[in-house]
Amino acid sequence: MTKGISRPKADKSEAQKKQMRVAAEQLIKHLGGLTEACKFLNVKYTVLNGWRTRGQIPFYQAERISSIHSLHSAGFTMKFMRPDLEG
């Protein structure tokens, strides 16, 4: 895990929840839809669809995604995808 980032806070503000939903949707859209995003991220369709349904990318996956240079450069940073993280 990236230095300085810890587990998410239990209570998320409405703004944080909205931001996480937007991030999940934008990531999928940026990668060309669910099928293409699954291929690029090497995750199963049901997993990625779960992120979209829950409106949240798991923090360990957000960390992995933000470490992909092309996605980080496109704005998919930890702060963008998981504003609820402490640290």
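Criteria and cut-off values
Numbering of residues begins from 1 in every chain and follows the order in which that chain's sequence is written. Per-residue local features are limited, in this predicted model, to residues with pLDDT of at least 70; the limit for side-chain atom pairs, both in listing and counting, is 80 or more; totals at the level of whole chains, interfaces and linings are taken over all residues. Note that the side-chain values use all heavy atoms of the structure and ignore hydrogens as well as water. Note on classification: 1.4 Å probe, protein chains only; a residue is buried when its accessible area is under 20% of the maximum for its type, exposed when over 50%, partly exposed between these limits. Numbering of helices and strands starts at the N terminus; helices are DSSP runs of H or I of at least 4 residues and strands are runs of E of at least 2. The directions from the helix axis to the C-beta atoms form the arc being described. Within 6.5 Å between ring centres, the rings of Phe, Tyr and Trp (the latter by its six-membered ring) count as paired, and their orientation is classed by plane angle as stacked under 30 degrees, edge-to-face over 60, tilted in between.

(A) The arrangement of helix α2 (residues 34–41) in detail. Among the residues of α2, those classed as buried are Leu34, Ala37, Cys38 and Leu41. All buried residues of α2 fall inside an arc of 105° around its axis, so they share one side. Once α2 finishes, Asn42 follows within two positions and takes phi at roughly 55°, a positive value.

(B) Broad picture of the packing of aromatic side chains. Taken as a whole, this structure holds 2 aromatic pairs when the rule is applied. Taking the centre distance of 6.1 Å and the plane angle of 85° together, the rings of Phe59 and Tyr60 count as edge-to-face. We classify Tyr60 as exposed; its relative accessible area is 52%.

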